[in-house]
Amino acid sequence: SRRVLRGQARTLVPAPSKAWNPEREPPSKSISGTINLSIRLPEEAVLHTQGTAGSTLYDALMAADLNDVWPGGACGGACNCSTCRVEIDVAPAPLLPREDDELDMLDSAAAAISRQADAAGEDGAAVAEVYLADKSRLACQLVLREEDDGLELTLPEDVLNMLEVPLWLRGSR
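(A) Quick peek at the nonpolar core. Leu57, Leu61, Val86, Leu153, Leu155 and Leu160 are the most contacted members of the largest nonpolar core, which totals 34 residues. Take this core: its biggest share by element is 6 residues, from helix H2 (residues 100–119). Every residue in contact with Leu57, bar those within four places of it in the chain, is listed here: Leu37, Val86, Ala139, Leu142, Leu144 and Leu153.

This is the structure we're talking about:
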């Protein structure tokens, strides 16, 4: 929607994630390389693509045009939906740790998917553990570095869009 603020029309968008910071220095030459990625798609197909150091994994996945097999990015990379969740299979170097926003979103998604599984007669705790595992990351929050060249990941089929989960179903387990 468009609002007029101080005489200027502006489009309101969701708040950006912590990965976006207008005060952050542009990537230095030491992290400006190309990152090779191997992406395991549903049905065991593997796609090889590239990302750029200093950008997010989400940016690389969106550039790879995976719309037919990946519902990621419902919130535009603002860490509000969990649809960009990926599972890291092989990391050539230790990944940057998850920050609070990413942990909170994964925990909320785990709680919601656990409730859905319990209601369907499945083991909700086991389903939730997949979301909370160390290899579970939100692509919009994972900034690529040169050390990540050769990163291998899987696009899971059990993606939950938290934008579609009622507020009363969100929260901790």
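(B) Region of the structure containing the pairing of strand S7 (residues 151–154). Note: strand S3 (residues 34–40) against S7, 4 bridges, orientation parallel. Within S7, the residue paired with Ile39 across the bridge is Leu153.

(C) Quick peek at the packing of aromatic side chains. Evaluation of the coordinates by the stated rule reveals 1 aromatic pair. Between Tyr58 and Trp70, the ring centres sit 6.5 Å apart and the planes meet at 55°, which makes this aromatic pair tilted. Of this pair, Tyr58 sits in helix H1 (residues 57–63) while Trp70 sits in the loop between H1 and strand S5 (85–90); the two residues are 12 residues apart in sequence, bridging distant segments of the chain. Here Tyr58 falls in the buried class, since its relative accessible area comes to 11%. The buried category is assigned to Trp70, whose relative accessible area is 3%. Of note, Arg85 hangs over the ring of Tyr131, and the distance from its end group to the ring centre comes to 4.0 Å.

(D) Structural view of the side chain of Thr83. Considering the arrangement of structural elements, one finds Thr83 in the loop between H1 and S5. For Thr83, the side chain forms a polar contact with the main-chain nitrogen of Ala74, separated by 3.2 Å. With near-sequence residues (within four places) excluded, Thr83 lies in contact with Trp70, Pro71, Gly72, Gly73, Ala74, Val159, Leu160 and Asn161.

Rules and cut-offs
Residues numbered from 1 in each chain as written. Predicted model: local features only at pLDDT ≥ 70, side-chain atom pairs only at ≥ 80, totals over all residues. Heavy atoms only, no water. Core = buried A, V, L, I, M, F, W, Y, C linked by side-chain atoms within 4.5 Å. Buried < 20%, exposed > 50% of the residue type's maximum accessible area, 1.4 Å probe, protein only. Helix = DSSP H or I, 4+ residues; strand = E, 2+ residues; numbered from the N terminus. Contact = heavy atoms within 4.5 Å. Pairing = 2+ DSSP bridges. Phe/Tyr/Trp six-rings, centres within 6.5 Å; stacked < 30°, edge-to-face > 60°. Lys NZ or Arg CZ within 6 Å of the ring centre and 35° of its normal. Polar contact = N/O pair within 3.5 Å; in protein donor to acceptor, adjacent residues only side chain to side chain.

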